[in-house]
Amino acid sequence: MPATTLARFQRITPQQLRAFEASARLLSVTRAAQELCVSQPTVSVQLRELASTLGEPLFQQCGRSIQLTQAGEALFVTVRELAGCWQRLESRLAEIHGLVRGRLKLAAVTTAEYFVPDLLGSFAAAHPGVDIELAIENRDRVVGRLSQGQDELVVMMMPPDNLPLEQLEFQTNPLVVIAPSSHPKAHQPITLKDLAEERWLMREPGSGTRMATEQHFHQQGFVPSVAMSLGSNEAIKHAVAAGLGIAVLSRLAICPPLWPVVAASAAEPGSAEPLTMLQVEGFPLNRHWYVVWRSDLPLSAAARHFLHYLQSGS
């Protein structure tokens, strides 16, 4: 490394990098200062000094908010890589002493919230030295986190094909058609054609459940009448219970093994009516859960042990 470059980097302080990382992640100097428990002027000074040292503006004002410049985006990636390197070093040092320590950062799509905490609970009990961070987001946000390398491991149903990934299939994910128990076609074998006049409630565009459902409908030549798109499984369950339409959801979201599920009616607060699974030909759709990770980034010891835990089932 040239001496001038090294001298410039030596002027960058850990406080400046912490101030930058928080401001870049939150896109707010005020919130960064609150998170770091320092004053806003202190963060502003650290950001100015860092930008001066690098010779590049790191943020630009956009109305009342701030956005990263190209130089800022490049530095944000570098700061995250540095943090990841230190975490991997800590894990490696712990491994040398026969310990499993460090931080395990995972993200999972919203439907996985029904089972991922249970997986992590037993893993955490067996590895008390591992700190676990779990983010639950919709599929688009999870893919965004994966592309930015924010998490080591991601639990999802339909991994993207535009990133360098490795994946481990570890659990089935049956998708079922649900309706109010009063539905006239409940408890009888039917086909998709029998549901041609139904109002369909769908997850938001980009959802793995919606993608799998639309893929199946397309293969069957079936065009549903989509009445509403909703951003969560719970919202769909309430809407179906209220008689607003029928939907395809993961059976995990219907809380097995208890069936039928009692869901609060959106039309009558405090009342309840059960949901039922319709016996539709071609359902359940047997999809799978995967844990995926970037093949171009090294995994920490904690992540490797979690993958082994999933493979061994214990």
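Our structure is the block above this text.
Read on for a plain summary of the structure. These figures come from a predicted structure and were not determined experimentally.

Overview of the side chain of T111
Inspection of the secondary structure puts T111 in the loop between β3 (102–109) and α6 (116–126). Aside from chain neighbours lying at most four places away, what touches T111 is R203, T209, N233, S250 and W289.

Comments concerning the packing of aromatic side chains
As enumerated under the stated definition, the model contains ten aromatic pairs in all. Where F115 meets W289, the ring centres are 5.2 Å apart and the plane angle is 55°; that geometry is what we call tilted. Of the two residues, F115 is situated in the loop between β3 and α6 and W289 in strand β12 (residues 285–294); the sequence distance between them amounts to 174 residues. Overall, the relative accessible area of 7% leaves F115 in the buried class. Here the aromatic rings of F123 and F306 are separated by 5.1 Å at their centres, their planes lie at 85°, and the arrangement is edge-to-face. Of the two residues, F123 sits in helix α6 while F306 sits in helix α10 (residues 301–312), which places them 183 residues apart along the sequence.

Quick word on the environment of R145
Here R145 shows up in helix α7 (residues 139–147). Overall, R145 belongs to the buried group, its relative accessible area being 16%. In this structure the C-alpha to C-alpha distance between R145 and A135, which are ten residues apart in sequence, comes to 9.7 Å. Filtering out sequence-adjacent residues up to four positions away, R145 remains in contact with A107, A135, E137, Q150 and D151.

Some words on the nonpolar core
If you look at the biggest cluster of nonpolar residues, it comprises 54 residues, and the most contacted ones within it are L104, L153, V155, V177, W200, V291 and F306. If we skip the residues at most four places from it in the chain, V177 touches L195, W200, I246, A247, V248, T276, M277, L278, V280 and F283. Listed in part, the 18 residues of the second largest apolar core include F20, A24, A33 and L58.

Parameters and conventions
For every chain, the first residue of the written sequence is number 1, and numbering continues from 1 onward in sequence order. Reporting of local features is limited, given that this is a predicted model, to residues whose pLDDT is at least 70; pairs of side-chain atoms are given and counted only at 80 or more, and all residues count toward the totals for whole chains, interfaces and linings. By convention in this description, side-chain values take in all heavy atoms of the structure and omit both hydrogens and water. Helical segments are the DSSP runs of H or I of at least four residues, strand segments are the runs of E of at least two, and each set is numbered from the N terminus. In what follows, a contact means two residues having at least one pair of non-hydrogen atoms within 4.5 Å. Aromatic pairs are defined between Phe, Tyr and Trp rings, using the six-membered ring for Trp, whenever the two ring centres lie within 6.5 Å; interplanar angles under 30 degrees are classed as stacked, those over 60 as edge-to-face, and all others as tilted. Only protein chains enter the area calculation, which uses a 1.4 Å probe; residues under 20% of their type maximum are buried, those over 50% are exposed, and those in between are partly exposed. Among the buried residues, those of types Ala, Val, Leu, Ile, Met, Phe, Trp, Tyr and Cys that are joined through side-chain atoms within 4.5 Å form a nonpolar core.

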